[in-house]
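Here is what each chain is made of, one letter per residue.
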Amino acid sequence: MAEPEPMASAAGQRLGAPETLGISTLDPGHRPPAMPPGRHVTIRVRMLDDTEELFDISQRASGKVLFDLVCSHMNLIEGDYFGLEFQDHHKMMVWLDLIKPIIKQLRRPKHTTLRFVVKFFPPDHAQLLEELTRYLFALQIKQDLACGRLTCNDSSAALMVSHIIQSEIGDFEESQCRSHLLNNNYIPDQMALIDKIMEFHSKNIGQTPAESDYQLLEVARRLEMYGIRLHPAKDREGTRLSLAVAHTGVLVFQGHTKINGFNWSKVRKLSFKRKRFLIKLRPDVNSSYQDTLEFLMASRDCCKVFWKICVEYHAFFRLFEEPKPKPKPVLFTRGSSFRFSGRTQKQVIDYVRESEFKKIPFERKHSRVQHNSRLSPLPSPRHHEVPTESCAPGDRVDSPSRRHWKESVLVSAEDPLAARKRASPSSQRNGREDRPGPGARPVAEEARGSARQAHPEQLSTGVVSNSPHLSASSGHSQGMVNGQKSLELCSHSPDGRQPSPLTSPLLNDASSIRTDDEDERFPTDRAYFIAKELLTTERTYLKDLEVVTVSFQGAVGQDEATPETLKNTIFSNFEPLYKFHTGFLREVEQRLALWEGRSNAHIKGDYQRIGDVLLKNLQGLKPLTTNLHKQSEALVELEKACRASRRLEGLCRDFELQKVCYIPLNVFILRPLHRLMHYKQILERLCKHYPPTHVDFRDCRAALADVSEVVEQLQGSMIKMENFQKLLELKKDLIGVDNLVIPGREFIRLGCLSKLSGKGLQQRMFFLFNDVILYTSRGMTATNQFKVHGQLPLHGMTIRESEDEWGVPHAFTLVGQRQSVVVAASSLSEMEKWMEDIKMAIDMAETSNGPSSDLLASNLTDNKCPEDSSVEAESEDDMTASHTSLEKPTPHRGNTTVHVCWHRNTSVSMVDFSIAVENQLSGNLLRKFKNSNGWQKLWVVFTNFSLFFYKTHQDDYPLASLPLLGYSVTIPSESENIHKDYVFKLHFKSHVYYFRSESEYTFERWMEVIRSATVSSSRSRILNRKESHPH
């Protein structure tokens, strides 16, 4: 039989990729080490999909050179989880040492086959940030099931096989499924379970191969034998046992049952002496174990093999960075010089998140479902935005609607003509788009040509489609977050929906790029720019009212599921407001036109003011104060109606996923209350600017008195409604708690902390209220929600710093009456904010008798008390995922503040939310990339901690968004060569954007409001606000 050609392309390799695109074990930007001189040998490596590859390599090369070649061949970024194993001359399976030369490890290289397999099994497959990595893990699970190494009960085995065949043959069809199972053996004694496998398979309809991989790993990781490799041994009494190593520590098995485990935190030293393997434990007065445990293995080599893998597991999962080599002794050596070589898991995750990789398709050898699977590397740290992008059946690699952009790119809106062409029957066949001819250039690519030239680092292969549930002919644009184009940072939800909320928009219309020095001319008076802020924000406010009065009413108001009480409460309140503000906006536009001299009027002095317009309209708004008082009723009524009707709840959820609903629906309901505060702030700035003798001062002061009176009346209701709205919004982000909205509960802070457990530091999202702390993790499901793992009641809790106690930076301990939790913040400032808020919340809990009754929330209270809803201790190993994986999840917003905090590893308080409400702004800005020349004119809206980008203020929905949490706002330095006035710079890690405003006033305002989103505010401001308006 002819041998395969060395380095031949095979299944598992990403198609069309350069050979050295991603090397798992190298530092960023490095290439594989140069091949040392010497005679070359051909090494045969068997991949996880059972294909064999030949690699030509120097005998003197280290194991790392070969391993990097294998990873490079597959373009595998997260190769550190894998290893090469082979059978040595003692017939033992050993791992290839990455440090030693190959010639010292393989006695007969030509006759040795190395196996590329998973070496380190992480506790949570969500830590695997690439789809290709999860696919390889799924192949490993498939092998372990087939050979009987991964043992489990019949139900788990059938469930896992159902996910495997779903990824291989697609949706359930009885005759095809039965035939496939008869011809392929996945588990021992498969015949007895065929009916159960088919039953599970029938419930996986619509699941893509990437989702199937994810669900397979979700089931497998909960099994006791997941990732376990048994090493036979005996105890001192001669009882036959097996030793194994996992991320938690050293395990002891009898047969396939775990009978003991020694956590890394309890192990002081691991060693071996001849055939004896020794575990030295840390002293513990509560433990009955001896300080040193001894196990007898078959030989010294067996001891050494197991000791080495223990050393590597400990270093990979427990250390922050690769251990440094010990200095060589001058005369005598004592003990082994072996050490772990490679990156630790923390380094791997940080590297993949902080780097940017081209998304490249790879083949699934056994899958008939999809021709290509896309790699979705996680270029951003804050995310552990996880899975996938898998094409739906029939999708093409080069389809113009399936393109990917780097995170630093701002994604443009689709060209309407191109969209219509793609949606037409002539351009689609069974959901598949026609491939352009060899000389054709995709429409979307042409539209972006000039932008790519202006910003060379933003090369792309197209627009991304992020939902495997939708075909190319779907009505919804699939590369969007909530209907907006968004960047894919790391959303690794297996369904590929809105991977990451960390969006960076690119509006690539060449006609909007300004490369000259054109400048619009405006009046120079500061009062003009204050009045212009009134105009720009009023335009945005009227568009927000349209969302409720036009879009929401059209989508929900006409449905029979919408009760009349809800229609009367919401639409009857909003329509008069919309009508009034339409007239108000028209007057402001006319006045600004006169002020700018763009009309036929030549009497400038009479029109260089705005106070009279404000005074007239604010007095006209007074009769509508009753409508403003009913905004709280509207919010309560909407929530009650959604609870009473599943259909209405679904309609509202679907509406929130539309493009026009660019922020949570409840926020739109409260917009009229927030707008009054904006009027007050604008009038305060005008009064401060004008001298008392100015013609406009008197009207402005009178208007300020009027609006201040109304704000004073509504302030208490507004604070209460903001808290209520935030609880309702968080309720949608959480699963596992049914009674979040209870009387008297107040939200205080949410954000990311690392929880210390036996598995090491694990990223968790914490939610602090005035009576309880919830901690959650992000589930890799289509809903993008956070699963509650536990709750910590604040009553009786104490808090202390514990960095020295645990050796973890910025760590502190929460000591509750029933449970203690050690957590670590990402920085000193984050730790201080959390500790300050938790101490305040504890004081509030101690001085009160628990959440008090409150009329607003009592209408919505669930029947269960808070303690009934979630377990006290974290329970990640339940089998709920096995059941939920069989249900079809409903869509959910993936760009909320909670998700941004998760990806950016930061936190936000209710103080920050309240200040963000006050600091809304909109207007035209010029935007420039770091490496581009032209300035692009955009209409920009700042709200909800994000910038939303439009081409013009007439647009009904934003084309893209940029969450600002974690970003810094500064003024460009001289070295950046931005020779323009009024320019500010936004940057987060390697992502840099420049924005240019039209005047000194607008520059100061944009800096002020953006800093309110990027710099945490003090608590005193909100506390004073609450104290002055008790409720």
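Residues numbered from 1 in each chain as written. Predicted model: local features only at pLDDT ≥ 70, side-chain atom pairs only at ≥ 80, totals over all residues. Heavy atoms only, no water.

Caption draft 1: Highlighting the pattern of salt bridges. Under the criterion given, the structure shown has 43 salt bridges. Across the pair E538 and R675 runs a salt bridge, and its minimum N-O distance is 2.9 Å. Here E538, found in helix α11 (residues 526-557), pairs with R675, found in helix α17 (residues 665-689); they are 137 residues apart in sequence, far enough to count as distant. On the basis of relative accessibility, which here comes to 0%, the residue E538 falls in the buried class. (Salt bridge = Lys/Arg side-chain N within 4 Å of Asp/Glu carboxyl O. Helix = DSSP H or I, 4+ residues; strand = E, 2+ residues; numbered from the N terminus. Buried < 20%, exposed > 50% of the residue type's maximum accessible area, 1.4 Å probe, protein only.)

Caption draft 2: How the structure looks around the packing of helix α2 (residues 131-146) against helix α6 (residues 209-220). Two numbers describe how α2 lies on α6: the axes approach to 9 Å, and their chain directions differ by 55 degrees. One way to sum up the angle between α2 and α6 is to call them oblique. The two elements α2 and α6 cross, and the hand of that crossing is left-handed. Facing α2, whose interface residues are E131, R134, Y135, F137, A138 and I141, α6 presents A210, D213, Y214, L216, L217 and A220. (Axes fitted to C-alpha atoms, helices over the stretch in contact; angles between N-to-C directions. Parallel < 35°, antiparallel > 145°, perpendicular 65-115°, else oblique. Left-handed = near helix turned anticlockwise from the far one by under 90°. Contact = heavy atoms within 4.5 Å.)

Caption draft 3: Broad picture of the confidence of the model for the protein. Looking at the protein, pLDDT values average 75 and 71% of them are 70 or higher. Here residues 370-519 scores under 50 on pLDDT; set against residues more than four positions off or in separate chains, the count is 468 contacts. Here residues 852-891 is modelled with pLDDT under 50, and outside its nearest four sequence neighbours on either side it reaches 98 contacts, counting other chains as well. (pLDDT = per-residue confidence, 0-100.)

Caption draft 4: Layout of the environment of Y541. Within the secondary structure, Y541 is located in helix α11. Overall, the relative accessible area of 3% leaves Y541 in the buried class. For Y541 and S922, which are 381 residues apart along the polypeptide, the C-alpha to C-alpha distance reads 9.7 Å. Each residue touching Y541, except ones within four places of it in the same chain, is listed here: H581, R671, P672, R675 and Y679.

Caption draft 5: Fine view of the packing of aromatic side chains. Summed over the entire model, instances satisfying the criterion amount to 33 aromatic pairs. Counting every residue linked through ring pairs, the aromatic cluster contains F67, Y81, F82, F116, F120, F121, F137, Y226, Y313, F316 and F317. Residue placement shows R745 over the ring face of F769; its charged tip is 5.6 Å from the ring centre. Residue placement shows R904 over the ring face of F988; its charged tip is 4.8 Å from the ring centre. (Phe/Tyr/Trp six-rings, centres within 6.5 Å; stacked < 30°, edge-to-face > 60°. Lys NZ or Arg CZ within 6 Å of the ring centre and 35° of its normal.)

Caption draft 6: Region of the structure containing the pairing of strand β31 (residues 935-943). In terms of residue burial, β31 counts as a mostly covered element, since 8 of its 9 residues are buried. Relative to β31, strand β30 (residues 921-929) runs antiparallel, the two sharing 7 bridges. Each residue of the ladder has a partner; that of L926, found in β31, is K937. Here β30 hands over to β31 after 5 residues, the two strands then running antiparallel side by side. In this structure, β31 lies alongside strand β32 (residues 946-950), joined through 5 bridges in antiparallel fashion. Counterpart to T943 in the pairing with β32 is S946. (Pairing = 2+ DSSP bridges.)

Caption draft 7: Representation of the sheet that holds strand β1 (residues 40-46) in the model. The mixed open sheet is built from 5 strands, whose spatial order is β2-β1-β5-β3-β4. With one partner strand each, in any of the chains shown, β2 (52-58) and β4 (93-95) form the two edges of the open sheet. Averaged over all pairs of adjacent strands, the angle between strand axes in this sheet comes to 35 degrees, irrespective of strand direction. Pairing between β1 and strand β5 (residues 113-118): 3 bridges, direction parallel. Opposite V45, over in β5, you have L114 as the bridge partner. Docked against the sheet, α2 engages β3 (82-87) and β5, running at close to 110 degrees with respect to β5.

Caption draft 8: Representation of the packing of α11 against helix α26 (residues 1000-1014) within the structure. Where α11 contacts α26, the two axes come as close as 9 Å, and the packing angle between them is 50 degrees. The angle between the axes of α11 and α26 places the two elements in the oblique class. Mapping the contact onto sequence places R526, F529, I530 and E533 in α11 and Y1001, T1002, E1004 and R1005 in α26. Across the contact of α11 with α26, the residue classes tally to 3 nonpolar, 1 polar and 4 charged. (Nonpolar A, V, L, I, M, F, W, Y, C, P; charged D, E, K, R; others polar.)

Caption draft 9: Here's a closer look at helix α24 (residues 897-904). With 8 of its 8 residues buried, α24 lies for the most part within the structure. Buried within α24 we find T897, V898, H899, V900, C901, W902, H903 and R904. Just downstream of α24, N905 is the residue with a positive phi angle, here 55 degrees.

Caption draft 10: A negative patch on the surface, seen in detail. A cluster of acidic side chains, namely E801, E803, D804, E832 and E836, defines a negative patch on the protein surface. For the negative patch, the secondary-structure elements that each account for two or more residues are α19 (803-806) and α20 (828-847). Within the secondary structure, E801 sits in strand β26 (residues 798-801). Overall, the relative accessible area of 55% leaves E801 in the exposed class. (Patch = residues over 30% accessible without salt bridge, like charges linked within 9 Å, V, L, I, M, F, W, Y side chains within 5 Å. Areas by Shrake-Rupley, 256 points an atom, 1.4 Å probe, with all protein chains shown as cover. Lys, Arg positive; Asp, Glu negative; His and termini not counted. Charge placed at Lys NZ, Arg CZ, Asp CG, Glu CD.)

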